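# Descriptive structure summary
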Amino acid sequence: MRLWMNSKYVKKGDYFIVNEKNERYVNDAIKNGAIKIICDTNKKYEIETIKVNNIYDYITSFYKDKINKLKLIGVTGTNGKTTTCYLIYQMLNSIGVKTSYVGTIGFYLSDKVKKLDNTTPSIDVLYNLLLDSYDAGCNVVVMEVSSHALKQDRVHGLLFDAVIITNVTEEHQDYHKNMNDYINSKRKIIYMLKNNKICVLNKKDKYYKKFMNKNNKNVIIGKDVKIKKCKINIEKTSVTIKNKKKINLELSLLGNFNVYNYIMAYVSLKELGYYNDKFIKDSFVYKAPIGRMQKIKYKNNAIFIDYAHTKDGVLNVLKMVRKINSDGVITIIGCGGDRDKEKREKMGSVACVYSNYVIFTNDNPRSEDPKKIVDDMLKGAFGKYEVILDRKKAIEKGVSLLDGNKILMILGKGHEDYQIINGVKHHFSDLEEVMNIILKK
């Protein structure tokens, strides 16, 4: 028996939770097999109806006996959530601690991957994913917790054994309107801890002190755990950290920002009592998730596909590849439509500063005019660049410019296998396009 707010998910014997947005689907839920209606009004329906004071409290109470037996790790921040979670997911499973993952690239449980509509899904979907994890014998669930989810109370009732705040930079200003609201939304997670109340913070983040709660055990990367050396080449990142003693790591993940992602994952697990030498000895084995600095070799060149879609994200990946010996960096970049417009000019400028050549193109224009989006980006552009709105043609042009030992960065979409143009979703994968071009060469 499950609780659902979407009638499409209802099966025989389930309960349907009614709110003001989904009431028109009650009959559909009943046809699909709902046996009870849960609502917070006095309205009666044709099947048994239970009135409750708070729908979200009811969901929490309904699932708590099983969900409370899981260890929960929550990761929030502007950038790095997916990589940090995916590392934890790999690390725990590698030592036999069965773990599931919920986040931007889907729901990972054993060998199965389920796509999700949001980084942190709606409360009914989320609790059912946690129940799926429990039923499958998981000990731990690691999940990305977005600012939207925290503000909209999608994680209502959950208590985490550990939380990680990767960093906070300007993002989602179309929704939050200002940085204070964005930060305060994310801060909610530091009051959602249980047991040892482990909170891992990043000293490099200028807002990290805002996430310090005296009732938590705050572990600060850059203070309690220090990074002593970091060396990057096209194949790996070598790093030395000091946590009482020096530890040498070799990571297949590239970049200083990924060093922080790995260390935050490592430290959170150590604080939770999951320390294992394997995390050090096999550090090179753990991979970045799909579409996160995903490398494709092409002749003597390197092509990277990455999800960077904020000013800070673009800055981090481009500054990193500039440190790698090459004959130049070519960047393909766009911005999403119907989203924060303030970042477009800044992203255009950063792309031009750290690239030898930039191709401005479509991302997900959604309902906006693609040309208008690119025009906003061009306000910050300078140097050598061109505009190719058709993303497929932009990628073809980028690959055609590769000679000698160059690096092509394809930014913004990462793992996504679609484009939304004029409100219509079309299949499109940066990785597929690159591989098709290379195979024809």
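See the structure above.
For the structure given in this document, a descriptive report is provided here. (Residues numbered from 1 in each chain as written. Predicted model: local features only at pLDDT ≥ 70, side-chain atom pairs only at ≥ 80, totals over all residues. Heavy atoms only, no water.)

### Observations concerning the overall build of the chain
Where we set the bar: The helix count covers DSSP runs of H or I at least four residues long, the strand count covers runs of E at least two residues long, and both are numbered beginning at the N terminus. Based on C-alpha atoms, the radius of gyration is set beside the globule rule, defined as 2.2 Å times the residue count to the power 0.38. Each residue's exposure class comes from its accessible area (1.4 Å probe, protein chains only) as a fraction of the maximum for that residue type: buried when under 20%, exposed when over 50%, partly exposed otherwise. By the counting scheme adopted, Arg and Lys are positive, Glu and Asp are negative, and His together with the chain ends is not counted. One atom stands in for each charge, and that atom is NZ of Lys, CZ of Arg, CG of Asp or CD of Glu.
Scanning the chain from terminus to terminus reveals 14 helices and 23 strands. Relative to the 2.2 N^0.38 estimate, which gives 22 Å for 441 residues, the radius of gyration of the chain is 23 Å and therefore close to what a compact globule would have. Across its three principal axes, the chain shows a C-alpha extent of roughly 70 × 55 × 40 Å. The buried share of the chain, reckoned over its 441 residues, is 57%. Side-chain charges of the chain comprise 76 positive and 49 negative groups, with the mean position of each set lying 6 Å from the other.

### Focus: the packing of aromatic side chains
Cut-off, in case you're wondering: When two rings of Phe, Tyr or Trp (its six-membered ring) have centres within 6.5 Å they constitute a pair, described as stacked for plane angles under 30 degrees, edge-to-face for angles over 60, and tilted for the intermediate range. Only when the NZ atom of a Lys or the CZ atom of an Arg is both within 6 Å of the ring centre and within 35 degrees of the ring normal do we say a charge sits over the ring.
Within this structure, the stated rule accounts for 12 aromatic pairs. Ring geometry for Tyr101 versus Tyr108: centroids 5.5 Å apart, planes at 70 degrees, classification edge-to-face. This pair shows no difference in class: Tyr101 is buried, exactly as Tyr108 is. Of the aromatic side chains, those joined through ring pairs into one cluster are Tyr15, Tyr58, Phe62, Tyr63 and Tyr127. Over the face of the ring belonging to Tyr275 we find Lys270, whose NZ or CZ atom lies 5.4 Å from the ring centre. Here the guanidinium or amino end of Lys413 rests over the ring plane of Tyr418, the centre of that ring lying 5.1 Å away.

### Looking at helix H10 (residues 311-322)
Our working definition: A helix's residues, less one, multiplied by 1.5 Å, set its expected span. The contact rule is simple, with two residues in contact once any of their heavy atoms fall within 4.5 Å.
End to end, H10 covers 16 Å across 12 residues, agreeing with the expected 16 Å (1.5 Å per residue, within 8%). Its buried side turned inward, H10 meets strand E13 (226-232), helix H8 (256-271), strand E17 (301-306), strand E18 (329-333), helix H11 (342-353) and strand E21 (407-411).

### What about unusual backbone geometry?
Look at Met293: it is not a glycine, yet its phi comes out positive at around 45 degrees. Position of Met293 among the secondary structure elements: in the loop between helix H9 (278-281) and strand E16 (294-298). The phi dihedral of Arg366 is positive, around 55 degrees, even though this residue is not glycine. Positionally, Arg366 belongs in the loop between strand E19 (357-360) and helix H12 (370-378).

### Points about the pattern of salt bridges
Let me state the cut-off plainly: We define a salt bridge as a side-chain nitrogen of Lys or Arg found within 4 Å of a carboxyl oxygen belonging to Asp or Glu.
Per the stated rule, a full pass over the model turns up 21 salt bridges. Measuring nitrogen to oxygen at the nearest pair gives 2.7 Å for the salt bridge that ties Lys151 to Asp181. A residue pair is termed long-range when its members are at least 10 positions apart, and Lys151 in helix H5 (residues 147-151) and Asp181 in helix H7 (residues 179-187) qualify at 30 residues. Its relative accessible area of 34% is what places Lys151 among the partly exposed residues. By relative accessible area, Asp181 is classed as partly exposed at 21%. Note that Lys397 is salt-bridged to Glu386, the shortest N-O span being 2.6 Å. Pair noted here: Lys397 is in helix H13 (residues 391-400) and Glu386 is in strand E20 (residues 385-387), with a separation of 11 residues, a long-range link. When its relative accessible area of 28% is taken as the criterion, Lys397 is described as partly exposed. When salt bridges with common partners are traced through the structure, they connect Arg344, Glu368, Lys372, Asp376 and Lys379 into a single cluster.

### Things to note about a nonpolar patch on the surface
Test applied: Residues enter patches when their relative accessible area tops 30% and they take part in no salt bridge; the joining distance is 9 Å for like charges and 5 Å for the nonpolar side chains Val, Leu, Ile, Met, Phe, Trp and Tyr. Here, Shrake-Rupley sampling with a 1.4 Å probe gives the accessible areas, and only protein chains in the shown set may cover a residue.
Together, Tyr385, Val387 and Leu389 make up an exposed nonpolar region whose accessible area comes to about 210 Å². Tracing the backbone shows Leu389 in the loop between E20 and H13.

### Focus on the environment of Asn422
Along the chain, Asn422 turns up in the loop between strand E22 (418-421) and strand E23 (424-427). Sequence separation between Asn422 and Glu368 is 54 residues; the distance between their C-alpha atoms is 7.1 Å.

### What about a positive patch on the surface?
A cluster of like positive charges, contributed by Lys203, Lys209, Lys223, Lys226, Lys228, Lys229, Lys242 and Lys246, occupies part of the molecular surface. Within the element layout of this structure, Lys246 appears in strand E15 (residues 245-251).

### Describing the environment of Val142
By the secondary structure assignment, Val142 is in strand E9 (residues 140-144). Sequence-distant contacts of Val142, that is, excluding residues within four places in its chain, are made with Ile73, Val75, Cys85, Ile88, Tyr89, Thr99, Ser100, Tyr101 and Val102.

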